[in-house]
Amino acid sequence: MSHWTPSKPYELFNQSCYGLSPLADNTIDALVTDPPYGISFQNHEWDKNLPQRQIWEDCVRVLKHGAFGVVFSSVRLMHRLMVDLEDSGFLIKDVLFWAYLNGMPKSRDIGLEIDKELGVTSKVVGKYDYVQGYKKGGADNYYTNNEKLKYEPHSEIGIQYKGAGLGLKPAYEPMILVQKPIEKGLNVAQNVLKYGTGALNLEQTRIPYAKGEGKVGHNPHPNGRVSANILRTDEFEDGYDKFFVVPKVRQNAEDFNKHPTLKPVDLMQHLVKLVSFENQTILDPFMGSGSTGVACLVLQRKFVGFELEKEYFEICRKRLAMIDSQE
Ligand SMILES: C[S@@+](CC[C@H](N)C(=O)[O-])C[C@H]1O[C@@H](n2cnc3c(N)ncnc32)[C@H](O)[C@@H]1O
(Lines give C-alpha, C1' and ligand atoms only; values in the text may rest on other atoms or scores of the structure.)
Protein backbone atom coordinates (compact mmCIF):
# COMPACT_ATOMS: atom_id res chain seq x y z
CA MET A 1 0.00 0.00 0.00
CA SER A 2 1.39 3.45 -0.90
CA HIS A 3 1.35 5.99 1.90
CA TRP A 4 0.83 9.74 1.96
CA THR A 5 4.08 11.72 1.88
CA PRO A 6 4.31 15.32 3.09
CA SER A 7 5.12 16.80 -0.32
CA LYS A 8 2.13 19.22 -0.35
CA PRO A 9 1.58 21.93 2.30
CA TYR A 10 -1.47 20.06 3.58
CA GLU A 11 -3.72 17.03 3.12
CA LEU A 12 -7.21 16.58 4.54
CA PHE A 13 -9.05 13.28 4.90
CA ASN A 14 -12.84 13.20 5.27
CA GLN A 15 -12.82 9.84 7.02
CA SER A 16 -12.50 8.33 10.48
CA CYS A 17 -9.01 8.72 11.86
CA TYR A 18 -8.92 5.22 13.38
CA GLY A 19 -6.00 3.31 11.90
CA LEU A 20 -4.49 6.46 10.31
CA SER A 21 -4.18 4.16 7.31
CA PRO A 22 -2.86 6.75 4.80
CA LEU A 23 0.12 7.44 7.06
CA ALA A 24 3.32 5.41 7.23
CA ASP A 25 5.17 4.51 10.45
CA ASN A 26 7.55 7.05 11.94
CA THR A 27 6.86 9.90 9.46
CA ILE A 28 5.03 12.67 11.36
CA ASP A 29 6.87 15.32 13.39
CA ALA A 30 4.20 16.37 15.92
CA LEU A 31 0.63 15.87 17.06
CA VAL A 32 -1.70 18.75 17.95
CA THR A 33 -5.30 17.77 18.50
CA ASP A 34 -8.54 18.72 20.20
CA PRO A 35 -10.41 15.40 20.38
CA PRO A 36 -13.96 14.78 21.61
CA TYR A 37 -13.98 15.36 25.39
CA GLY A 38 -16.61 12.70 26.08
CA ILE A 39 -18.87 15.17 27.90
CA SER A 40 -21.74 15.43 25.37
CA PHE A 41 -21.04 19.11 24.78
CA GLN A 42 -24.28 20.75 23.60
CA ASN A 43 -25.64 17.22 23.12
CA HIS A 44 -23.38 16.58 20.13
CA GLU A 45 -23.30 12.91 19.23
CA TRP A 46 -19.56 13.01 18.40
CA ASP A 47 -18.74 14.23 21.91
CA LYS A 48 -20.58 11.40 23.73
CA ASN A 49 -17.42 9.37 24.39
CA LEU A 50 -13.69 9.84 24.72
CA PRO A 51 -11.78 8.52 21.70
CA GLN A 52 -10.86 4.85 21.88
CA ARG A 53 -7.31 4.10 22.93
CA GLN A 54 -6.56 2.70 19.49
CA ILE A 55 -6.18 6.18 17.96
CA TRP A 56 -3.39 7.04 20.41
CA GLU A 57 -1.63 3.78 19.51
CA ASP A 58 -2.04 4.80 15.85
CA CYS A 59 -0.49 8.20 16.64
CA VAL A 60 2.49 6.57 18.34
CA ARG A 61 2.92 4.41 15.23
CA VAL A 62 3.03 7.31 12.75
CA LEU A 63 4.98 9.81 14.89
CA LYS A 64 8.76 9.92 14.68
CA HIS A 65 10.81 8.91 17.70
CA GLY A 66 10.94 11.75 20.19
CA ALA A 67 8.00 13.62 18.59
CA PHE A 68 5.90 15.78 20.92
CA GLY A 69 2.14 16.15 21.01
CA VAL A 70 -0.49 18.36 22.64
CA VAL A 71 -3.88 16.81 23.32
CA PHE A 72 -6.73 19.01 24.60
CA SER A 73 -8.86 17.60 27.33
CA SER A 74 -11.56 18.38 29.88
CA VAL A 75 -11.26 18.76 33.62
CA ARG A 76 -13.68 15.90 34.24
CA LEU A 77 -12.11 13.25 32.02
CA MET A 78 -8.46 14.14 31.54
CA HIS A 79 -7.44 11.40 33.99
CA ARG A 80 -8.89 8.74 31.71
CA LEU A 81 -7.38 10.30 28.61
CA MET A 82 -3.97 10.49 30.29
CA VAL A 83 -4.09 6.79 31.16
CA ASP A 84 -5.02 5.97 27.55
CA LEU A 85 -2.16 8.11 26.23
CA GLU A 86 0.34 6.55 28.61
CA ASP A 87 -0.87 3.01 27.96
CA SER A 88 -0.51 3.66 24.22
CA GLY A 89 3.21 4.35 24.59
CA PHE A 90 3.38 8.12 25.11
CA LEU A 91 5.36 9.74 27.91
CA ILE A 92 3.33 12.31 29.84
CA LYS A 93 5.55 15.39 29.93
CA ASP A 94 3.32 18.13 31.35
CA VAL A 95 -0.23 19.39 31.62
CA LEU A 96 -0.68 22.86 30.16
CA PHE A 97 -3.56 24.98 31.37
CA TRP A 98 -5.35 27.26 28.98
CA ALA A 99 -7.13 29.64 31.34
CA TYR A 100 -9.77 31.77 29.66
CA LEU A 101 -11.80 33.10 32.58
CA ASN A 102 -14.93 33.64 30.46
CA GLY A 103 -16.39 30.11 30.53
CA MET A 104 -20.10 29.69 31.11
CA PRO A 105 -21.15 27.95 34.36
CA LYS A 106 -23.38 24.95 33.71
CA SER A 107 -25.35 24.70 36.88
CA ARG A 108 -28.98 24.53 37.99
CA ASP A 109 -30.75 26.42 40.73
CA ILE A 110 -31.46 23.73 43.29
CA GLY A 111 -33.99 26.03 44.95
CA LEU A 112 -36.14 25.73 41.79
CA GLU A 113 -35.74 21.97 41.77
CA ILE A 114 -36.95 21.83 45.36
CA ASP A 115 -40.06 23.83 44.35
CA LYS A 116 -40.70 21.26 41.62
CA GLU A 117 -40.18 18.36 44.00
CA LEU A 118 -42.68 19.90 46.44
CA GLY A 119 -45.19 20.71 43.67
CA VAL A 120 -44.87 24.48 44.27
CA THR A 121 -45.00 26.82 41.24
CA SER A 122 -41.84 28.96 41.13
CA LYS A 123 -42.17 32.71 40.78
CA VAL A 124 -41.66 34.32 37.35
CA VAL A 125 -39.46 37.36 37.96
CA GLY A 126 -38.79 38.49 34.39
CA LYS A 127 -37.17 37.40 31.15
CA TYR A 128 -33.54 36.92 30.25
CA ASP A 129 -32.38 39.74 28.05
CA TYR A 130 -29.44 37.81 26.59
CA VAL A 131 -28.96 34.41 24.92
CA GLN A 132 -29.29 31.85 27.69
CA GLY A 133 -28.06 28.32 27.11
CA TYR A 134 -29.32 25.81 24.62
CA LYS A 135 -32.58 24.01 24.10
CA LYS A 136 -32.32 20.27 23.70
CA GLY A 137 -31.24 19.38 20.18
CA GLY A 138 -27.79 20.91 19.87
CA ALA A 139 -26.10 24.03 18.74
CA ASP A 140 -28.56 25.04 16.02
CA ASN A 141 -31.25 25.33 18.62
CA TYR A 142 -30.47 28.52 20.54
CA TYR A 143 -32.95 30.40 22.62
CA THR A 144 -33.48 33.74 21.00
CA ASN A 145 -33.39 36.92 23.05
CA ASN A 146 -36.22 37.56 25.46
CA GLU A 147 -37.69 34.13 25.02
CA LYS A 148 -36.66 32.47 28.25
CA LEU A 149 -38.43 33.26 31.52
CA LYS A 150 -36.50 33.93 34.72
CA TYR A 151 -37.73 32.14 37.85
CA GLU A 152 -37.07 32.31 41.59
CA PRO A 153 -37.97 29.65 44.17
CA HIS A 154 -41.29 30.14 45.94
CA SER A 155 -41.43 27.40 48.59
CA GLU A 156 -39.90 28.08 52.01
CA ILE A 157 -37.16 25.47 51.62
CA GLY A 158 -36.67 26.41 47.96
CA ILE A 159 -35.97 29.99 49.06
CA GLN A 160 -33.36 28.69 51.56
CA TYR A 161 -31.52 26.95 48.72
CA LYS A 162 -31.99 29.76 46.18
CA GLY A 163 -28.95 29.85 43.88
CA ALA A 164 -27.39 26.62 45.25
CA GLY A 165 -25.95 24.56 42.41
CA LEU A 166 -23.77 21.70 41.26
CA GLY A 167 -20.86 23.08 39.29
CA LEU A 168 -18.26 25.83 39.23
CA LYS A 169 -17.68 28.26 36.39
CA PRO A 170 -15.18 26.60 34.06
CA ALA A 171 -12.18 28.87 33.58
CA TYR A 172 -9.53 26.61 32.10
CA GLU A 173 -9.00 23.63 29.84
CA PRO A 174 -6.12 21.20 30.38
CA MET A 175 -3.88 20.25 27.46
CA ILE A 176 -1.72 17.19 27.89
CA LEU A 177 1.83 17.47 26.59
CA VAL A 178 3.05 14.03 25.48
CA GLN A 179 6.12 12.63 23.79
CA LYS A 180 6.84 9.45 21.88
CA PRO A 181 10.03 8.15 23.53
CA ILE A 182 13.28 8.82 21.70
CA GLU A 183 14.76 5.86 19.88
CA LYS A 184 16.27 3.23 22.13
CA GLY A 185 20.05 3.55 22.30
CA LEU A 186 20.12 7.21 21.16
CA ASN A 187 20.62 10.31 23.29
CA VAL A 188 18.47 13.41 22.67
CA ALA A 189 21.00 15.08 20.36
CA GLN A 190 21.44 11.90 18.32
CA ASN A 191 17.65 11.54 18.08
CA VAL A 192 17.21 15.18 16.94
CA LEU A 193 19.98 14.74 14.36
CA LYS A 194 18.41 11.53 13.04
CA TYR A 195 14.71 12.53 13.03
CA GLY A 196 14.49 16.30 13.68
CA THR A 197 12.29 15.50 16.68
CA GLY A 198 12.93 15.18 20.41
CA ALA A 199 13.12 18.82 21.54
CA LEU A 200 10.53 21.49 22.30
CA ASN A 201 10.79 24.73 20.32
CA LEU A 202 11.24 26.97 23.35
CA GLU A 203 13.01 29.71 21.44
CA GLN A 204 10.06 30.50 19.13
CA THR A 205 7.51 30.40 21.93
CA ARG A 206 9.15 32.83 24.33
CA ILE A 207 6.74 35.29 25.92
CA PRO A 208 7.87 38.91 25.42
CA TYR A 209 8.08 41.05 28.55
CA ALA A 210 5.19 43.41 29.15
CA LYS A 211 5.81 46.98 28.03
CA GLY A 212 7.49 48.92 30.80
CA GLU A 213 8.10 45.78 32.90
CA GLY A 214 11.09 46.59 35.13
CA LYS A 215 12.42 43.56 36.95
CA VAL A 216 12.64 40.49 34.72
CA GLY A 217 15.09 38.20 36.53
CA HIS A 218 18.85 37.76 36.75
CA ASN A 219 19.61 36.85 33.20
CA PRO A 220 16.86 38.19 30.94
CA HIS A 221 16.68 36.76 27.45
CA PRO A 222 16.15 39.48 24.80
CA ASN A 223 13.05 37.71 23.42
CA GLY A 224 11.28 37.17 26.74
CA ARG A 225 10.51 34.37 29.17
CA VAL A 226 10.39 30.68 28.44
CA SER A 227 6.81 29.72 27.68
CA ALA A 228 4.89 28.72 30.82
CA ASN A 229 2.53 25.82 31.29
CA ILE A 230 -0.31 28.21 32.01
CA LEU A 231 -1.73 29.93 28.96
CA ARG A 232 -3.97 32.64 30.26
CA THR A 233 -6.83 34.55 28.71
CA ASP A 234 -7.40 37.97 30.14
CA GLU A 235 -7.84 41.53 29.06
CA PHE A 236 -5.26 42.61 26.55
CA GLU A 237 -3.31 45.50 28.00
CA ASP A 238 0.24 45.49 26.69
CA GLY A 239 -0.40 42.47 24.50
CA TYR A 240 1.38 39.97 26.69
CA ASP A 241 1.91 39.12 30.32
CA LYS A 242 4.04 36.49 32.04
CA PHE A 243 1.94 33.78 30.51
CA PHE A 244 0.48 33.54 27.04
CA VAL A 245 -2.61 35.66 26.67
CA VAL A 246 -5.22 34.52 24.22
CA PRO A 247 -8.96 35.21 24.16
CA LYS A 248 -11.52 32.42 23.76
CA VAL A 249 -13.36 32.63 20.45
CA ARG A 250 -17.08 33.05 20.36
CA GLN A 251 -19.04 30.57 18.34
CA ASN A 252 -19.65 31.86 14.80
CA ALA A 253 -16.63 34.18 15.06
CA GLU A 254 -16.18 33.43 11.35
CA ASP A 255 -19.50 33.72 9.53
CA PHE A 256 -19.23 30.36 7.72
CA ASN A 257 -17.74 28.45 10.65
CA LYS A 258 -20.37 26.83 12.85
CA HIS A 259 -18.08 24.41 14.69
CA PRO A 260 -19.22 24.41 18.33
CA THR A 261 -15.76 23.89 19.84
CA LEU A 262 -13.73 26.19 17.62
CA LYS A 263 -10.30 26.92 19.13
CA PRO A 264 -8.53 30.28 18.88
CA VAL A 265 -5.93 30.29 16.12
CA ASP A 266 -3.50 32.28 18.32
CA LEU A 267 -3.58 29.51 20.88
CA MET A 268 -3.12 26.86 18.20
CA GLN A 269 -0.20 28.79 16.74
CA HIS A 270 1.51 28.87 20.10
CA LEU A 271 1.09 25.11 20.53
CA VAL A 272 2.15 24.30 16.97
CA LYS A 273 5.27 26.42 17.43
CA LEU A 274 6.05 24.76 20.74
CA VAL A 275 6.08 21.18 19.42
CA SER A 276 7.55 21.72 15.94
CA PHE A 277 10.02 23.57 13.73
CA GLU A 278 9.50 25.10 10.27
CA ASN A 279 8.65 22.71 7.42
CA GLN A 280 7.83 19.87 9.79
CA THR A 281 4.53 17.98 9.50
CA ILE A 282 1.80 18.16 12.14
CA LEU A 283 -1.03 15.65 12.52
CA ASP A 284 -4.53 16.42 13.84
CA PRO A 285 -6.72 13.27 13.76
CA PHE A 286 -9.79 15.21 15.08
CA MET A 287 -9.41 18.46 13.13
CA GLY A 288 -13.03 19.75 13.27
CA SER A 289 -13.05 23.04 11.35
CA GLY A 290 -9.27 22.96 11.08
CA SER A 291 -7.84 25.47 13.58
CA THR A 292 -4.65 23.37 13.90
CA GLY A 293 -4.30 23.37 10.11
CA VAL A 294 -4.77 27.14 9.89
CA ALA A 295 -2.02 27.63 12.48
CA CYS A 296 0.29 25.25 10.60
CA LEU A 297 -0.08 27.02 7.25
CA VAL A 298 0.51 30.43 8.80
CA LEU A 299 3.66 29.11 10.47
CA GLN A 300 5.08 27.27 7.44
CA ARG A 301 4.40 23.81 8.84
CA LYS A 302 2.83 21.02 6.80
CA PHE A 303 -0.48 19.65 7.99
CA VAL A 304 -2.36 16.39 7.75
CA GLY A 305 -5.82 16.17 9.26
CA PHE A 306 -8.82 13.86 9.57
CA GLU A 307 -12.47 14.78 10.14
CA LEU A 308 -15.43 12.44 10.06
CA GLU A 309 -18.28 14.94 9.64
CA LYS A 310 -18.70 16.25 6.13
CA GLU A 311 -20.02 19.65 7.32
CA TYR A 312 -16.93 20.39 9.46
CA PHE A 313 -14.60 18.94 6.84
CA GLU A 314 -15.95 21.41 4.25
CA ILE A 315 -15.48 24.35 6.63
CA CYS A 316 -11.90 23.22 7.20
CA ARG A 317 -11.26 22.87 3.49
CA LYS A 318 -12.53 26.40 2.91
CA ARG A 319 -10.45 27.90 5.74
CA LEU A 320 -7.23 26.26 4.59
CA ALA A 321 -7.82 27.12 0.92
CA MET A 322 -8.28 30.78 1.90
CA ILE A 323 -4.93 30.84 3.70
CA ASP A 324 -3.16 28.86 1.02
CA SER A 325 -4.32 31.34 -1.65
CA GLN A 326 -2.92 34.26 0.41
CA GLU A 327 0.55 32.68 0.79
C1 LIG B 1 -13.44 19.07 19.58
S2 LIG B 1 -13.74 18.96 17.88
C3 LIG B 1 -12.36 19.76 17.12
C4 LIG B 1 -12.59 21.25 16.88
C5 LIG B 1 -11.40 21.98 16.31
N6 LIG B 1 -10.39 22.18 17.32
C7 LIG B 1 -11.77 23.33 15.72
O8 LIG B 1 -11.19 24.35 16.10
O9 LIG B 1 -12.65 23.37 14.84
C10 LIG B 1 -13.48 17.25 17.58
C11 LIG B 1 -13.84 16.79 16.18
O12 LIG B 1 -13.53 15.40 16.04
C13 LIG B 1 -14.41 14.86 15.07
N14 LIG B 1 -14.37 13.40 15.19
C15 LIG B 1 -14.97 12.61 16.11
N16 LIG B 1 -14.68 11.30 15.90
C17 LIG B 1 -13.85 11.26 14.81
C18 LIG B 1 -13.19 10.21 14.11
N19 LIG B 1 -13.33 8.93 14.47
N20 LIG B 1 -12.42 10.53 13.06
C21 LIG B 1 -12.27 11.83 12.67
N22 LIG B 1 -12.89 12.87 13.29
C23 LIG B 1 -13.67 12.59 14.35
C24 LIG B 1 -15.75 15.50 15.40
O25 LIG B 1 -16.64 15.48 14.31
C26 LIG B 1 -15.31 16.92 15.82
O27 LIG B 1 -15.44 17.82 14.74
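First, a word on what this report is: a plain description of the structure on this page.

Conventions and cut-offs
Residues numbered from 1 in each chain as written. Predicted model: local features only at pLDDT ≥ 70, side-chain atom pairs only at ≥ 80, totals over all residues. Heavy atoms only, no water. Salt bridge = Lys/Arg side-chain N within 4 Å of Asp/Glu carboxyl O. Helix = DSSP H or I, 4+ residues; strand = E, 2+ residues; numbered from the N terminus. Contact = heavy atoms within 4.5 Å. Buried < 20%, exposed > 50% of the residue type's maximum accessible area, 1.4 Å probe, protein only. Near = heavy atom within 4 Å. Polar contact = N/O pair within 3.5 Å; in protein donor to acceptor, adjacent residues only side chain to side chain. Areas by Shrake-Rupley, 256 points an atom, 1.4 Å probe, with all protein chains shown as cover. Nonpolar A, V, L, I, M, F, W, Y, C, P; charged D, E, K, R; others polar. Patch = residues over 30% accessible without salt bridge, like charges linked within 9 Å, V, L, I, M, F, W, Y side chains within 5 Å.

Take the pattern of salt bridges next. Oppositely charged side chains may form a pair once their charged atoms are brought near each other. One pass over the structure, following the stated rule, counts 14 salt bridges. For Glu 11, the salt bridge goes to Lys 8, with nearest N and O atoms at 3.1 Å. By sharing partners, the salt bridges in this structure join Asp 34, Glu 173 and Lys 263 into a single network.

Before going further, it helps to examine the environment of Gln 179. Secondary-structure assignment places Gln 179 in strand E7 (residues 172-179). Between the C-alpha atoms of Gln 179 and Ala 67, which are 112 residues apart in sequence, the distance is 5.6 Å. If near-sequence neighbours (up to four positions away) are discounted, Gln 179 is found in contact with Gly 66, Ala 67, Phe 68, Gly 89, Phe 90, Leu 91, Lys 93 and Gly 198.

Below, the discussion takes up helix H7 (residues 291-298). The buried fraction of H7 amounts to seven of the eight residues, a majority that puts the element mostly inside the structure. Among the residues of H7, Ser 291, Thr 292, Gly 293, Val 294, Ala 295, Cys 296 and Leu 297 are the ones counted as buried. Close packing links the buried residues of H7 with strand E1 (10-13), strand E2 (28-33), helix H6 (265-275), strand E10 (281-284), strand E11 (302-306) and helix H8 (310-326). Just beyond H7, the residue with positive phi is Gln 300, at close to 60 degrees.

Moving on, we come to the site of the ligand. The ligand sits among 23 residues. The nearest are Asp 34, His 259, Ser 289, Ser 291 and Glu 307. Here a nitrogen atom of the ligand and a side-chain polar atom of Asp 34 are 2.7 Å apart. Interatomic distance of 2.6 Å between a side-chain N/O atom of Glu 307 and an oxygen atom of the ligand. Burial of the ligand by the surrounding chains reaches 96%, relative to a free accessible area of 610 Å². Partitioned by chemical class, the residues of the shell around the ligand number eleven nonpolar, eight polar and four charged.

A contiguous nonpolar surface patch, about 290 Å² in accessible area, is contributed by Leu 118, Ile 157 and Tyr 161. Here Tyr 161 is to be found in the loop between helix H4 (156-160) and E7.

By themselves, these are just geometric observations and shouldn't be taken as functional.
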